[in-house]
Amino acid sequence: MITRKKVLYADLVEMSSPEQVFAEVLQIMKLTDKYLDTTPVENVFRHICALYRGNYRGYRRCNTHYHDLRHVTDVLLALARLMHGAHVAGVTINRDEMNIALISALMHDTGYIQKEGDRDGTGGKYTQTHVTRSIDFMEEYSRNHGIGSAESALCRSLILGTSLSVDFEQISFSSPTRAMLGKFVATADFLGQIADRLYLEKLLFLYREFQEAHLLGYDSEHELLVKTIGFYDLMQTRLLHTLSNVQQYMQHHFRVRWQIDRDLYKEAVNHNIAYLGNLLKKHQKNYRKNLKREGVVARLEELEKAEAVLN
């Protein structure tokens, strides 16, 4: 059993590579159900990568730097790990429903992608409507690629469950098992983004999305960073109660898949929030200089310079 503290969530898979993340997802799916046909999820993954990269007919390349392809694969991997951990703990998941859950994760933020003729701003302007737009994309995709109406209806409920403006308990699920899947998807959406080692840097891009959508209550980057602490506290209640604490299954996954008897997501999330608290305490005026991972802030500042020239 590996217990070395130096083993971190981000050490196990190259999270910047969608293909490597997906290879791990396929491995986990086979651990969960060795007879599972992964073809449906593989097909959707290929199309979603094309969509986000600008190679999907009728749509523009993704231009939101927070809700990007990395976010999608972060959530997908978190979901696969949760379902595998639940399986290890003795929870039975229907293999067809497992596929639909993973497909829902792949499609849950497609509403940020602009159609080809939409040249006004970026997909960030759809922040407040992206869930319904994601459902619209999923339903169109389902009609065009042979996903049945029953599967599409489940996918709709699972995507709807990722919306913080919707009462999860009011979402229509046809069985307790499917409601549990909804809790897996919603939990993965939260854990996938906040455990990301680039989460704090990408929050600066999230502010731009909020600004473009005219979302009230965020008048500056700094205010968004401050309110992220409160958001984290609020989400803990949602995770524990509304979503039935399904995050507890993560540790089962890491114990079996990697022989690490720890919840690496919980550790990564706690580290990010602790670092953010320290950043706000000690570096309020120069917080950008202390967000250094993978050149994210440098890319933001280059974008800002280009915009200044245009304006």
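Structure first, text after, so check above.
Residues numbered from 1 in each chain as written. Predicted model: local features only at pLDDT ≥ 70, side-chain atom pairs only at ≥ 80, totals over all residues. Heavy atoms only, no water.

Asks: It is not clear to me how the overall build of the protein chain should be interpreted in this structure. Could you clarify?
Replies: Looking only at helices and strands, one finds 12 helices and 0 strands in the protein chain. For the protein chain, the sequential pattern of α-helices and β-strands runs α-α-α-α-α-α-α-α-α-α-α-α. The globule rule puts the C-alpha radius of gyration for 311 residues at 19 Å, and the 19 Å found for the protein chain is close to it. With respect to the principal axes defined by its C-alpha atoms, the protein chain has extents near 55 × 50 × 35 Å. (Helix = DSSP H or I, 4+ residues; strand = E, 2+ residues; numbered from the N terminus. Rg over C-alpha atoms; globule rule 2.2 N^0.38 Å.)

Asks: Help me understand empty space enclosed by the protein in this model?
Replies: One way to see where empty space is left: roll a probe the size of a water molecule over the atoms. In total, this model carries 1 cavity of 30 Å³ or more according to the counting rule given. Taken as a whole, the largest cavity spans an internal volume of roughly 40 Å³. Around the largest cavity, the lining residues are Tyr66, His71, Asp74, Gln193, Asp196, Tyr199 and Lys202. Elements that contribute at least two residues to the lining of the largest cavity include exactly helix H3 (69-88) and helix H8 (199-212). Tallied by class, the residues present in the lining of the largest cavity amount to 2 nonpolar, 2 polar and 3 charged. (1 Å grid on protein atoms, 1.4 Å probe; cavity = no way out; pocket = protein on both sides within 12 Å on 5 of 7 lines; lining within 4 Å. Points joined across faces, edges and corners; volume = space filled by probe spheres on them. Nonpolar A, V, L, I, M, F, W, Y, C, P; charged D, E, K, R; others polar.)

Asks: Explanation requested: the layout of surface pockets in the structure shown.
Replies: Quantified by volume, the largest pocket comes out at close to 840 Å³. If you trace the largest pocket, you find 38 residues lining it, with Thr127, His130, Leu164, Phe210 and Phe231 closest to the centre. By residue number, the principal contributor to the lining of the largest pocket is helix H9 (residues 221-242), which donates 8 residues. What the second largest pocket holds in volume is close to 410 Å³.

Asks: Would you mind going over the pattern of salt bridges with me for this structure?
Replies: Two side chains of opposite charge can pair, provided their charged atoms sit close to one another. Scanning all chains against the criterion turns up 17 salt bridges. A salt bridge links Glu294 to Arg197; its shortest N-O distance comes to 2.9 Å. Taken as a pair, Glu294 in the loop between helix H11 (264-282) and helix H12 (296-310) and Arg197 in the loop between helix H7 (176-194) and H8 lie far apart in primary sequence, 97 residues in all. In this structure Arg197 comes out as partly exposed when scored by relative accessible area, which is 29%. Here the salt bridges do not stand alone but share partners, grouping Arg70, Asp196, Arg197 and Glu294 into one network. (Salt bridge = Lys/Arg side-chain N within 4 Å of Asp/Glu carboxyl O. Buried < 20%, exposed > 50% of the residue type's maximum accessible area, 1.4 Å probe, protein only.)

Asks: Help me understand H9 in this model?
Replies: One full turn of an α-helix is made of 3.6 residues, so residues set three or four places apart face in the same direction. For H9, which comprises 22 residues, the first-to-last C-alpha distance of 29 Å matches the rise-based estimate of 32 Å (1.5 Å per residue) to within 8%. The largest bend in H9 comes to about 30°, at Thr228. Along H9, the residues classified as buried are Glu221, Leu224, Leu225, Thr228, Tyr232, Met235, Arg238 and Leu239. On its buried face, H9 is in contact with H7, H8, H11 and H12. A positive phi of about 55° marks Ser244, the residue just after H9. (Expected span 1.5 Å × (residues − 1). Bend = angle between axes of the 7 residues up to and from the residue. Contact = heavy atoms within 4.5 Å.)

Asks: Can you walk me through the packing of helix H1 (residues 18-32) against H3 in this structure?
Replies: How two helices pack is summed up by the angle between their axes together with the distance between the axes. Packing of H1 against H3 leaves a shortest axis separation of 9 Å and a crossing angle of 15°. For the element pair H1 / H3, the angle class is roughly parallel. The hand of the H1/H3 crossing is left-handed. In this structure, H1 uses Pro18, Val21, Phe22, Glu24, Val25, Ile28, Leu31 and Thr32 to contact H3, whose residues at the interface are Leu69, Thr73, Leu76, Leu77, Ala80, Arg81, Met83, His84 and His87. (Axes fitted to C-alpha atoms, helices over the stretch in contact; angles between N-to-C directions. Parallel < 35°, antiparallel > 145°, perpendicular 65-115°, else oblique. Left-handed = near helix turned anticlockwise from the far one by under 90°.)

Asks: Explanation requested: H12 in the structure shown.
Replies: Compared with the 21 Å implied by 1.5 Å per residue over 15 residues, the 22 Å span of H12 between its first and last C-alpha is a close match. If you check which residues of H12 are buried, you get Val296, Val297 and Leu300. Along H12, the residues classed as buried sweep out an arc of 95° about the axis, all on the same side. For H12, the exposed residues lying more than 90 degrees away from the buried face are Glu302, Lys305 and Val309. Residues of H12 that are buried sit in contact with H8 and H9. (Arc of directions from axis to C-beta.)

Asks: Which parts of the structure should I look at to understand the packing of aromatic side chains?
Replies: Any aromatic ring pair is given by two values, namely how distant the centres are and how the planes are angled relative to each other. According to the stated counting rule, one finds 11 aromatic pairs in the structure shown. A ring pair is formed by Phe210 and Tyr218, whose centres lie 5.0 Å apart and whose planes are at 45°; its orientation type is tilted. Judged by relative accessible area, which is 13%, Phe210 ranks as buried. A connected cluster of aromatic rings, assembled from ring pairs, spans Tyr56, Tyr59, Phe137 and Tyr141. Between the NZ or CZ atom of Arg133 and the centre of the ring of Tyr126, over which it lies, the distance is 3.6 Å. Cation over ring: Lys227 sits above Tyr218, and NZ or CZ is 5.3 Å from the ring centre. (Phe/Tyr/Trp six-rings, centres within 6.5 Å; stacked < 30°, edge-to-face > 60°. Lys NZ or Arg CZ within 6 Å of the ring centre and 35° of its normal.)

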